[in-house]
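Secondary and tertiary structure notes
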Amino acid sequence: MIRQQLQESIREAILRAQQAGDLPPGEVPQVELETPRQAEHGDFASNVALVLARSMSLPPRRVAEAIARHLRLPPEKVERVEIAGPGFLNFFLSPSWLQEVVRVVLEKGERYGRWDVGRGIRVHVEYVSANPTGPLHVGTARNGAIGDCIANLLDALGFEVFREYYLNDYGAQVLALARSVACRYAELFGRSLPFPEDGYRGEYVVEIARKIAERDGPRWLDAPEEERDAYFREFALAEIVGDIRRTLEAFGIRFDGWFSEAGLYARSDFQKTLELLRARGALYEEGGALWFRATAFGDERDRVVIRSDGTPTYLGGDIAYRRSIYERGFQRLINVLGIDHQGQVRSLKAAVQAMGYDPETLEVILYQHVLFRRGGESVRMSRRAGEIVTLQDLLETVGADAARYFLVMTNPSTPLEFDLDLAVKQSSENPVYYVQYAHARICSILREASKHPVGREFVVAHPGDPHVHLNEARDLDLSTLTHETERALMRKLADFPDVVFTAGMRREPHRLCAFAQELATAFHVFYTQCRVLTDDPELTGARLALVDATRVVLRKTLQLIGVSAPERM
RNA sequence: GUCCCCGUAGCUCAGCGGAUAGAGCGUUGGACUCCGGAUCCAAAGGUCGGGGGUUCAAAUCCCCCCGGGGACGCCA
């Protein structure tokens, strides 16, 4: 990859300059390469001379000159190096090095942009994990979009990724759900039961009650309460989890595991966790409750893990869950949570440390909430008030592609305003369509090529297969790709691996959207200025290769974001 | 009160300590007899919330203040 090669060359040049006595000895800092805003400043620029000038107490430009003198970059890779401004080293790439990128993309295909920095490291990514007491609410949509995209990125970095949904299917809230269903069930038979104080009022509760009534008739009306609660709880959970799973699939998310909180108690994982903490002196009793000595591990206060009524707290279950993940052999835990859970982070890290694991291996990604707007007013959504705006609603109005793209488009730490009216009304102007359009346009060119007298030499169309493939690019002469817009497009293709790396390592999926848009723009600009299918066989073959390489990278980028890459729109 | 996040163009948001702060939408005006006009080109639009500091260089790092959101439970 170009950036790494340049960084290494600069580093070697500094070392050689030091050996030759042109620069004083000293540690060589990490060489940073940036992409200048202006084309006159080259394809890459380095400020390394400015950084070194300080420790070497030499004028920056003189340092830059010494480095430049010792650079050994072959002319087929770098056309020239300039020293500019206060002491920047500006690199101008040769067309042949960029043209080589096209070949690399086509040879690597789907593997272009993959890294192996994560090889052998098992990463557990937990996201969504919404309470199974009702349909998925739009608020969790950002969690899903961000979590899934980060999992995709980690996979691209070579980590062994496991995606899991933690189901809070235990405790008072699911009991309240069971009783809410029971109440609606009784109403169907003209009876009445007291509606639980913390009950669920959504229409879906009535639906579940109706299903039970259809299946079992009135036989639960006079059943013992405990028996009825247990049955209604299991039934309601199965219905709701099934619904959640279907909605997530429509959203493009599929988990490798669904972890039941109730299972932690059934398998005595919870007890084992308490024993572990107790053995390490991290538990004590007070006021009839069992406390975790969190302050000993950096938390602001100690935390209750078992209430005085004997029931475990949410945190207690959470700690046991974390332990189960480490027990299963994962080395890194990533948890995607809404900003309202920020208070839990320190407690969780304290618990991880108390159990003897490195708290650095637990990483919590906090994202700011989405403010949904409709008709210029913010939409207040409260499940318990029964006014549900579900993820399913969002998918039906704006579609999965637009929803995912939009929710991932901004930095997780920035609040996001999602105007539902706008998303519906102007869906054709949504940036996702702009990117998808570039992809569809390329596919159209390839289809067209198979009918073109010159172009058809370079493509293969299989009968019955809608895809038109490019022939081997190995023997193509790409040296005709010299137009300014071709150069800009190749530059973008060359950036892709770096974008994947940065987005993945920094857990900033929005960088993919920015890149997708820039790549699409570079393609559209190229398209309006250069004709792909011409009567010149060399030019046509080279441009088909460029366009096909663009298709590969666009498709890969959209795939990482979690959006489809349509061949026609 | 303590802690976390945010404040950049009319709106929604990018911006890695670097050179003249960007994109989309919106506004105004343009562009193929030809591979998809869901496209392209151009213009207008900014005291980067305010004030100090560090640095050769600050939207970016540090401190204070202002504004918005959130967290500080034997809730989940």
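Residues numbered from 1 in each chain as written. Chains lettered and ligands numbered in written order. Predicted model: local features only at pLDDT ≥ 70, side-chain atom pairs only at ≥ 80, totals over all residues. Heavy atoms only, no water.

**Some details on the overall build of chain A**
- A count of helices and strands for chain A gives 19 helices and 17 strands.
- By principal-axis analysis of the C-alpha atoms, chain A measures approximately 85 × 65 × 45 Å.
- Counting the 569 residues in chain A, one finds 54% classified as buried.
- Pairs at least 24 residues apart make up 72% of the contacts formed inside chain A by residues separated by at least 6 positions.
- Accessible area for chain A stands at about 25900 Å²; split by element, carbon and sulfur atoms hold 48% of it.
- Chain A carries 70 positive and 80 negative side-chain charges, and their two centres are separated by 2 Å. (Helix = DSSP H or I, 4+ residues; strand = E, 2+ residues; numbered from the N terminus. Buried < 20%, exposed > 50% of the residue type's maximum accessible area, 1.4 Å probe, protein only. Contact = heavy atoms within 4.5 Å. Areas by Shrake-Rupley, 256 points an atom, 1.4 Å probe, with all protein chains shown as cover. Lys, Arg positive; Asp, Glu negative; His and termini not counted. Charge placed at Lys NZ, Arg CZ, Asp CG, Glu CD.)

**Describing the packing of aromatic side chains**
- Scanning the model with the defined rule gives 25 aromatic pairs in all.
- Centroid distance tyrosine 170 to tyrosine 265: 4.0 Å. Interplanar angle 20 degrees. Geometry classified as stacked. Of this pair, tyrosine 170 sits in the loop between strand 6 (160-167) and helix 6 (172-188) while tyrosine 265 sits in helix 9 (residues 261-266), placing them 95 residues apart in sequence.
- Between the aromatic rings of tyrosine 185 and phenylalanine 232, the centroid separation amounts to 5.2 Å while the plane-to-plane angle is 85 degrees, which identifies the pairing as edge-to-face. Here tyrosine 185 is found in helix 6, whereas its partner phenylalanine 232 is found in helix 8 (residues 225-250), with 47 residues between them in sequence. In terms of burial, tyrosine 185 and phenylalanine 232 fall into one category: buried. (Phe/Tyr/Trp six-rings, centres within 6.5 Å; stacked < 30°, edge-to-face > 60°.)

**What to know about the sheet that holds strand 1 (residues 33-34)**
- Ordered in space as 1-2-4-3, the four strands form an open sheet in which the pairing is antiparallel. What marks the edges here is a single partner per strand, and that holds for strand 1 and strand 3 (78-84).
- Here six bridges tie strand 3 to strand 4 (residues 88-93), and the two strands are oriented antiparallel to one another. In the sheet register, isoleucine 83 faces strand 4, and the bridge partner there is leucine 89. (Pairing = 2+ DSSP bridges.)

**Some remarks on the domain arrangement of chain A**
- Looking at the assigned domains, one finds that chain A contains domain 1 (2-93), domain 2 (127-257 + 368-424) and domain 3 (427-561).
- One C-alpha centre belongs to domain 1, the other to domain 3; they are set 32 Å apart.
- Each side of the interface is counted separately: domain 1 has seven residues, and domain 3 has four residues.
- Contact between domain 1 and domain 3 buries roughly 490 Å² in total, counting both sides, with carbon and sulfur atoms accounting for 31%.
- On the domain 1 side of the contact with domain 3, Arg3, Asp43 and Leu93 bury the most area, a combined 59% of that side's loss. (Domains from an automatic or database assignment. Buried area = accessible area lost by both parts, 1.4 Å probe.)

**Things to note about the sheet that holds strand 8 (residues 283-286)**
- One open sheet accounts for three strands, arranged 8-9-10; its pairing is antiparallel. Edge strands, defined here as strands with exactly one partner in the open sheet, are strand 8 and strand 10 (303-306). Within the sheet, the average angular offset between the axes of one strand and its neighbour, ignoring direction, is 45 degrees.
- Lying on the sheet, helix 10 (residues 269-279) is in contact with strand 8, strand 9 (289-292) and strand 10; it crosses strand 10 at an angle near 135 degrees. (Axes fitted to C-alpha atoms, helices over the stretch in contact; angles between N-to-C directions.)

**What about the nonpolar core?**
- Of all hydrophobic cores here, the largest spans 152 residues; its most connected members are Leu6, Ile67, Phe91, Leu394, Phe418 and Leu544.
- Among the elements that make up this core, the one with the highest residue count is helix 19 (residues 537-561) (twelve residues).
- Counting 32 residues, the second-largest nonpolar core is a separate cluster that includes Leu264, Leu277, Tyr321 and Phe330. (Core = buried A, V, L, I, M, F, W, Y, C linked by side-chain atoms within 4.5 Å.)

**Description of the protein's contact with RNA strand B**
- As a structural note, the neighbourhood of RNA strand B is formed by 63 residues, with Arg37, Arg307, Gln342, Tyr434 and Arg441 the closest of them.
- Here RNA strand B approaches the protein such that, of its atoms within 4 Å, sugar and phosphate make up 60%.
- Interatomic distance of 2.7 Å between a side-chain N/O atom of serine 444 and a phosphate oxygen of RNA strand B.
- The contact in question runs from a sugar or linking oxygen of RNA strand B to an N or O atom on the side chain of arginine 531, over 3.2 Å.
- Broken down by secondary-structure element, the contributors of at least two residues to the surface near RNA strand B are helix 2 (48-56), strand 4, strand 9, strand 10, helix 12 (342-354), strand 15 (416-419), helix 16 (431-449) and helix 18 (510-529).
- Among the elements that line the surface near RNA strand B, the one with the most residues is helix 16, at eight residues.
- Here the surface near RNA strand B is built from residues that sort into 22 nonpolar, 23 polar and 18 charged. (Near = heavy atom within 4 Å. Polar contact = N/O pair within 3.5 Å; in protein donor to acceptor, adjacent residues only side chain to side chain. Nonpolar A, V, L, I, M, F, W, Y, C, P; charged D, E, K, R; others polar.)

**With respect to empty space enclosed by the protein**
- All told, the structure shown has one cavity of 30 Å³ or more when counted by the stated rule.
- In this structure, the largest cavity spans a volume of roughly 40 Å³.
- For the largest cavity, the full set of lining residues is Met1, Ile2, Arg3, Gln4, Phe44, Ala494, Asp495 and Asp498.
- Residue assignment for the lining of the largest cavity shows that the elements contributing at least two residues are helix 1 (2-19) and helix 17 (484-505).
- The residue makeup of the lining of the largest cavity, split by class, is four nonpolar, one polar and three charged.
- When residues are assigned to domains, the lining of the largest cavity turns out to be shared by domain 1 (2-93) and domain 3 (427-561), each giving three or more. (1 Å grid on protein atoms, 1.4 Å probe; cavity = no way out; pocket = protein on both sides within 12 Å on 5 of 7 lines; lining within 4 Å. Points joined across faces, edges and corners; volume = space filled by probe spheres on them.)

**A closer look at the confidence of the model for chain A**
- Scored by pLDDT, chain A comes out at a mean of 91, with 95% of its residues at no less than 70.
- Taking the mean pLDDT of every element in chain A, the minimum, 62, falls on strand 14 (residues 377-378) and the maximum, 98, on strand 6.
- Here residues 382-388 is a poorly scored stretch, pLDDT under 50, and it has 22 contacts once near neighbours within four places are set aside; other chains count.
- Across the assembled chains, the prediction reports ipTM 0.94 with pTM 0.94. (pLDDT = per-residue confidence, 0-100.)

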